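Results of the structural survey
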Amino acid sequence: MMLLLGSAFTLLQVPDASLQQALRAEVAEHRQEAAMALVVGDEETEAWLAREIDRGDPKRHRALTLAAAWMGTEGSFALLDQAAASGRRPDSDRAFALVLFGRFHPDAGVAPKEDWKRAASTYEKACLLVGLLGRESSWNPNDYRELLGRRPSPALVALLDLAEQRRGGTPALGAAKERSGLQQSAYALGSVGALAVPINGEVLGPLSNWTSRRSWWLAARRIPKRTMESFEGTAVVGDDAASILALYEMEPAEVDKAFQLLNAKVAGSPEKSWLWGAVGDRGLPLPSPEGNEWGPHVAAGLLRLSLVDLPLARRQAKAWAKDARKQFSARGTFRDRWPAALVMALAAEAEDSASLRKTIEAASGRERLQLTPAWKLLLHRGETLDDKKQLEVRRWSEELHAGRSGFLAYEGPHWAAYVLLGQTQAAQFRLELSPALPGFDLLPLDAAADDAFYLDLAALLLGPAYRWPEWTE
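The rules behind each value
- Within each chain, residues carry numbers counting from 1 in the order of the written sequence.
- Per-residue local features are limited, in this predicted model, to residues with pLDDT of at least 70; the limit for side-chain atom pairs, both in listing and counting, is 80 or more; totals at the level of whole chains, interfaces and linings are taken over all residues.
- Note that water and hydrogens are dropped before the side-chain values are worked out from all heavy atoms of the structure.
- In this scheme, a residue with accessible area under 20% of its type's maximum is buried, one over 50% is exposed, and one in between is partly exposed, where area comes from a 1.4 Å probe on protein chains only.
- We count a stretch as a helix when DSSP gives it H or I for four or more residues in a row; a strand needs E for two or more, and each element gets its number in order from the N terminus.
- The criterion used for residue contact is that any of the two residues' heavy atoms lie within 4.5 Å.
- Under the pairing criterion, centres of Phe, Tyr and Trp rings, with the six-membered ring standing for Trp, must be within 6.5 Å; the plane angle then separates stacked pairs below 30 degrees from edge-to-face pairs above 60, leaving the rest tilted.
- We call two N or O atoms a polar contact when they sit within 3.5 Å, provided that within protein one can donate a hydrogen and the other can accept it, with sequence-adjacent residues counted only if both atoms are side-chain atoms.

1. Notes on helix α25 (residues 453-461)
With respect to burial, α25 is a largely interior element, eight of its nine residues being buried. Regarding α25, the residues found buried are Phe453, Tyr454, Asp456, Leu457, Ala458, Ala459, Leu460 and Leu461. The secondary structure elements touched by the buried residues of α25 are α3 (28-37), α5 (58-71), α7 (92-104), α9 (122-133), α23 (403-421) and α24 (425-428).

2. Details of helix α16 (residues 271-281)
Burial runs high along α16: 11 of the 11 residues are buried. The complete set of buried residues in α16 reads Glu271, Lys272, Ser273, Trp274, Leu275, Trp276, Gly277, Ala278, Val279, Gly280 and Asp281. The inward-facing, buried residues of α16 contact α15 (252-265), α17 (296-308), α18 (310-329) and α23.

3. What to know about the packing of aromatic side chains
In total, this model carries 17 aromatic pairs according to the counting rule given. Their ring planes at 85 degrees and their centres at 6.3 Å tell us that Tyr123 and Tyr454 sit as a pair that is edge-to-face. On the criterion of sequence distance, the pair formed by Tyr123 in helix α9 and Tyr454 in helix α25 is long-range, its members being 331 residues apart. Take Tyr123 and Tyr454: they sit in the same class, and that class is buried. When the ring of Trp216 is compared with that of Tyr418, the centres are 6.2 Å apart and the planes differ by 85 degrees; the resulting orientation is edge-to-face. Of the two residues, Trp216 sits in helix α14 (residues 214-220) while Tyr418 sits in helix α23, which places them 202 residues apart along the sequence. Neither residue differs from the other here; Trp216 and Tyr418 are each classed as buried.

4. Details of unusual backbone geometry
Look at the link from Ser269 to Pro270: it is a cis peptide, with omega at 10 degrees. Along the chain, Pro270 turns up in the loop between α15 and α16. At the junction of Ser434 and Pro435, the peptide bond is cis and its omega measures out at 0 degrees in the coordinates. Its place among the elements puts Pro435 in the loop between α24 and α25. A positive phi angle is found at Ala348, which is not glycine, with a value near 55 degrees. With respect to the element layout, Ala348 can be found in the loop between α19 (334-347) and α20 (350-362). Even without being a glycine, His401 presents a positive backbone phi close to 65 degrees.

5. Side note on the side chain of Glu52
Mapped onto the elements, Glu52 comes out in helix α4 (residues 43-52). Overall, Glu52 belongs to the buried group, its relative accessible area being 13%. Polar side-chain contacts of Glu52 include one of 3.1 Å to the side chain of Arg60. Residues in contact with Glu52, not counting those within four places in the same chain, are Arg60 and Leu64.

6. Some details on the environment of Leu312
Its place among the elements puts Leu312 in helix α18. Given the relative accessible area of 14%, Leu312 is considered buried. Each C-alpha atom of the pair Leu312 and Pro438 lies 46 Å from the other, and the pair is 126 residues apart in sequence. Excluding residues that lie within four positions of it along the chain, Leu312 makes contacts with Gly283, Pro285 and Leu305.

Next up, the structure:
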């Protein structure tokens, strides 16, 4: 549906009737796809959004609030600010807007006390913190910890503890036997980030006592270090594939051997991208096309490698350029062709320059926005990337689920969804949230468990508008 909307409305100044009808669709994902299609509009589209955002039912209002956040202009941020304004009573629309405010608004995290006043309940405060977890490390969780009061909600404490770990700090946790499933899983996921201190297996506790997703335990279990032998005779599939992140703790020579073993076992996305991205993060050479199939994992690994050793990444991208060109020229969605475009940008071949330029000229607004930075990467002649290009490459790699940053970008929203939705009927309709996890019932709900608001929130947290970015400072 996204592609149809994008192709039909890219050049329109004001949304036509079919797009406006899509904003009232019954399915939450369809409404949000329509909302994101508005982003390719111009100033007249923004003016239409300002006129319409408060009209219609709550479902339409929430979709248009997402459009305002995604549009990212001064005027649209003012609309988001208004949607997230404080009130005396809890409100589902405000709760939805607070996630978006924390995730997108440039002022979120700048004035914690003012942010906190926006929320009328513990649930709304959790929505704000979940939104903040979806942005780069431009905010200090300890500033919010000071606002929790004498009897802080365990759910809010867990959210802030996880954020503190991701920025390299140490959470204030009690004894293992006193931790809820939510607190224990926050402790595990918080340890996976690039700045975080790895958890000792004894502190994490045995897998037999674990009550949350198995993948979170395996991703966090890095001390004592695992060896290549631990992967022999095991099927690295499903939740067990998270053990791939052990590559970050191994010695370089052992990483190479473990990769050869795992590469033959792991299939599909995102697991393959976790694997190739981990090798790229370690600055080690990736395989050539001989004996290896093309897939998004190739771009994932090369992007992460470019952050460590750009000249090596470019040389290896040239080896994959033929496969990338074939994929880029094939019929398919832009989503299918996007990884190939990134490899072509890294390869920086003259023929790819002409191909990408021609595609950009003919692309829809949203596709043009994505391809233009890749085009600039192709033209870049330095041996390192500046801060802006590094940020772009990190974001692209997260989209492709590369390495541990891709793991967190993939699993973080699931954890956040369990926090906000674990007790709701909406969770029962999402395979990603089934079954319910013990110990995640620490957050009192404002609306009835069967309220349609939670379906919108699930679509937001588990869709393209929300993910956990890599924290690097």
